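The residues making up each chain are set out below.
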Amino acid sequence: MAKVGIIGHRETESKSTKYIDTTTIEEPRVARYVFAGKAASWIWLIVRLWLGYEWINAGVSKLWGAESAAFWRTGLGVKGFVLGAIAESKGPYAQVSYGWWVAILRHGVLPHYLLVARIDAVAEFAIGILLVLGAFTAIAAFFGLALNFSYVFSGAISTNPVFIILGIGLVLAWRNAGWLGLDRYLLGRLGTPWQHRTTSPSEPRAQESTNR
């Protein structure tokens, strides 16, 4: 169940009040089960563990494994990847179709290829750890999607479509994807940015003092 709200002001002769007009939209039963039900959290646990393992494996390889020289030490892996993507943007059968993306690669990524390579390696490792632990699952999946789309825009398909499908699922299932993980406690304690408090922290204390 979702609520859509419109914030406005109502003015009278005596005072001006703020109100929120909300409309409740019922979710389909299947969507509520898959993306919010506790029973479906086992499905997302399997997705998280597999996807997290793949991200960790990619990050470890670039940080300490066979690809560390090309990414963490020299950044030549990113440089070669970017130059290849730029080269693939030409001709009638170009693999890289967007001129604005080529401009980002040429002017934004290529001059700082070593920094980008290190950020990429750390990001892949961190995304994998968060997914396995079920901590800030939707945020980790979102940044994973950003990396996947950057690879696809650069002409690299590989396993990215599978990662994208699973990543979108984890973002949509932000309520239960990390239920069998740390999100079960983190979301309860930290809440969400769009969560509205109906009472201030001092009000319960005031109420307790009056009950005494």
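For the structure, check the block above.
Residues numbered from 1 in each chain as written. Predicted model: local features only at pLDDT ≥ 70, side-chain atom pairs only at ≥ 80, totals over all residues. Heavy atoms only, no water.

> Give a detailed account of the overall build of the protein chain, specifying residues and quantitative values.
The helix and strand tally for the protein chain stands at 10 helices and two strands. Expressed as a percentage of the 212 residues in the protein chain, the buried residues total 30%. Within the protein chain, counting contacts between residues at least 6 apart in sequence, those at least 24 apart form 63% of the total. With an accessible surface of roughly 14000 Å², the protein chain has 64% of that area assigned to carbon and sulfur atoms. (Helix = DSSP H or I, 4+ residues; strand = E, 2+ residues; numbered from the N terminus. Buried < 20%, exposed > 50% of the residue type's maximum accessible area, 1.4 Å probe, protein only. Contact = heavy atoms within 4.5 Å. Areas by Shrake-Rupley, 256 points an atom, 1.4 Å probe, with all protein chains shown as cover.)

> Describe the environment of Gly-169, listing the residues and the values that go with them.
Note on placement: Gly-169 falls in helix α8 (residues 160–172). On a C-alpha basis, the gap between Gly-169 and Ala-138 in space is 9.1 Å, while along the polypeptide they are 31 residues apart. Ignoring anything within four residues of it in the chain, the contact list for Gly-169 reads Phe-35 and Trp-44.

> Describe the nonpolar core, and please don't skip the residues or the numbers.
When a protein is soluble and globular, its nonpolar side chains tend to lie buried together. Within the largest apolar cluster, 14 residues are counted, with the highest numbers of intra-cluster contacts made by Trp-44, Leu-51, Trp-55, Leu-131 and Leu-170. When residues of this core are traced back to their parent elements, those giving at least two are α2 (41–63), α6 (113–133), α7 (137–153) and α8. With sequence-adjacent residues up to four places away left out, Leu-170 is seen in contact with Trp-44, Val-47, Arg-48, Leu-51, Leu-131, Thr-137, Ala-138, Ala-141 and Ala-177. Within the second largest apolar cluster, 12 residues are counted, among which are Phe-71, Trp-101, Val-109 and Ala-117. (Core = buried A, V, L, I, M, F, W, Y, C linked by side-chain atoms within 4.5 Å.)

> Could you give an account of the pattern of salt bridges, naming the residues involved and the relevant values?
Evaluated as defined, the whole model comprises four salt bridges. Here Asp-120 ties to Lys-62 by a salt bridge, and the two come within 2.8 Å at their closest N and O atoms. Taken together, the residues span a long stretch of sequence, with Asp-120 in helix α6 and Lys-62 in helix α2 at a distance of 58 residues. Classification of Asp-120 by relative accessible area gives buried; the value is 10%. Assessed through its relative accessible area of 9%, Lys-62 is described here as buried. A cluster of three or more residues bridged by salt bridges with shared partners is formed by Lys-62, Asp-120 and Glu-124. (Salt bridge = Lys/Arg side-chain N within 4 Å of Asp/Glu carboxyl O.)

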